[in-house]
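# Topology and contacts: notes
If you want the building blocks of each chain, they are given just below.
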Amino acid sequence: TDSAWDVIWPIALQYPAFGDSFAMALSVNRAGPGSSLLESLDEAQLGDLFIWLSMRFPHRADPRYDTVRVHSVSPSDEARHFRDNVMGYLRDMGTFEAVRALEVAVETLDEVDWLDIVLAQAKITTRRKTWRLPEPGELIAMARNRRAMLVRTESELLYVLHDALNRVEDGLQKDGDVQRSEEH
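What comes next is a walk through the structure. In this text, all values refer to a predicted model and were calculated from it rather than measured experimentally.

## Side note on the nonpolar core
In a soluble, globular protein the nonpolar side chains are often hidden away together inside. If you look at the biggest cluster of nonpolar residues, it comprises 34 residues, and the most contacted ones within it are Leu-49, Leu-53, Phe-82, Val-86 and Leu-115. Broken down by secondary-structure element, the contributors of at least two residues to this core are helix 1 (2-14), helix 2 (16-28), helix 3 (36-40), helix 4 (43-56), helix 5 (75-93), helix 6 (96-108) and helix 7 (115-130).

## What about the packing of aromatic side chains?
Considering all chains together, one arrives at four aromatic pairs under this definition. Residues Trp-5 and Trp-9 carry aromatic rings whose centres are separated by 5.0 Å and whose planes lie at 15° to one another, so their mutual orientation is stacked. Of this pair, Trp-5 and Trp-9 both sit in helix 1, four residues apart, which is roughly one turn of that helix. The same class applies to Trp-5 and to Trp-9, which are both buried. Taking 6.1 Å as the distance between ring centres and 45° as the angle between the ring planes, the aromatic pair formed by Trp-5 and Phe-22 counts as tilted.

## Considerations on the pattern of salt bridges
Applying the stated criterion to the full structure yields eight salt bridges. Note that Asp-84 is salt-bridged to Arg-83, the shortest N-O span being 2.9 Å. Measuring nitrogen to oxygen at the nearest pair gives 2.9 Å for the salt bridge that ties Glu-138 to Arg-132. Several salt bridges share partner residues, and in doing so they unite Arg-100, Glu-103 and Glu-107 into one network.

## Some thoughts on helix 5
For helix 5, spanning 19 residues, the distance from its first C-alpha to its last is 27 Å, which sits close to the expected 27 Å at 1.5 Å a residue. Among the residues of helix 5, Asp-77, Glu-78, Ala-79, Arg-80, Phe-82, Arg-83, Asn-85, Val-86, Met-87, Gly-88, Tyr-89 and Leu-90 are the ones counted as buried. Immediately downstream of helix 5, the backbone of Gly-94 shows phi near 75°, a positive value.

## Section: the layout of surface pockets
Empty space within the largest pocket amounts to approximately 490 Å³. Broken down by secondary-structure element, the contributors of at least two residues to the lining of the largest pocket are helix 7 and helix 9 (154-183).

## Considering the environment of Glu-103
Along the chain, Glu-103 falls in helix 6. On the basis of relative accessibility, which here comes to 24%, the residue Glu-103 falls in the partly exposed class. It is 6.8 Å that separates the C-alpha atoms of Glu-103 and Leu-119, two residues lying 16 residues apart in sequence. Leaving out residues up to four positions away in the same chain, Glu-103 has contacts with Leu-119 and Lys-123.

So, how was this worked out
Residues numbered from 1 in each chain as written. Predicted model: local features only at pLDDT ≥ 70, side-chain atom pairs only at ≥ 80, totals over all residues. Heavy atoms only, no water. Core = buried A, V, L, I, M, F, W, Y, C linked by side-chain atoms within 4.5 Å. Buried < 20%, exposed > 50% of the residue type's maximum accessible area, 1.4 Å probe, protein only. Helix = DSSP H or I, 4+ residues; strand = E, 2+ residues; numbered from the N terminus. Phe/Tyr/Trp six-rings, centres within 6.5 Å; stacked < 30°, edge-to-face > 60°. Salt bridge = Lys/Arg side-chain N within 4 Å of Asp/Glu carboxyl O. Expected span 1.5 Å × (residues − 1). 1 Å grid on protein atoms, 1.4 Å probe; cavity = no way out; pocket = protein on both sides within 12 Å on 5 of 7 lines; lining within 4 Å. Points joined across faces, edges and corners; volume = space filled by probe spheres on them. Contact = heavy atoms within 4.5 Å.

Written out as structure tokens, the structure is:
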């Protein structure tokens, strides 16, 4: 699929009508979670696809259907559903690359204000999937080290970094004080 993607993607970008037809064909063929297409693309490609789909089928133009009435699903409805599947697939991947792809999407699609929530969800998923249980030896070493700190949140990490930078700054100031006293 990579080689086919490398051929089709530039054509879809260059010829919007072809790209729209391609997106609608993909969506009708159920290119959702678990599909070989989504699984064959890397995170950056998925991010590019999501951004492109969001520009071709903007969220602000999504139709609002009355949930009581039955309606026919159009090819553009399918393409919008596909767009959302790509976003959800990226959100649930649990990789740092997927988070980066969604960060690019947030920067690019600034009119989609709720995309920040999707990005936050992707970060949580990535933390869950990448966290590893410390080995017993690591826990014992941390317990013996007075400077070791358990960091569970971003704000705790900021505190630890701030504290470490203050210690470095204090050390540099003391070194400067020693050098000045030696000069006199």
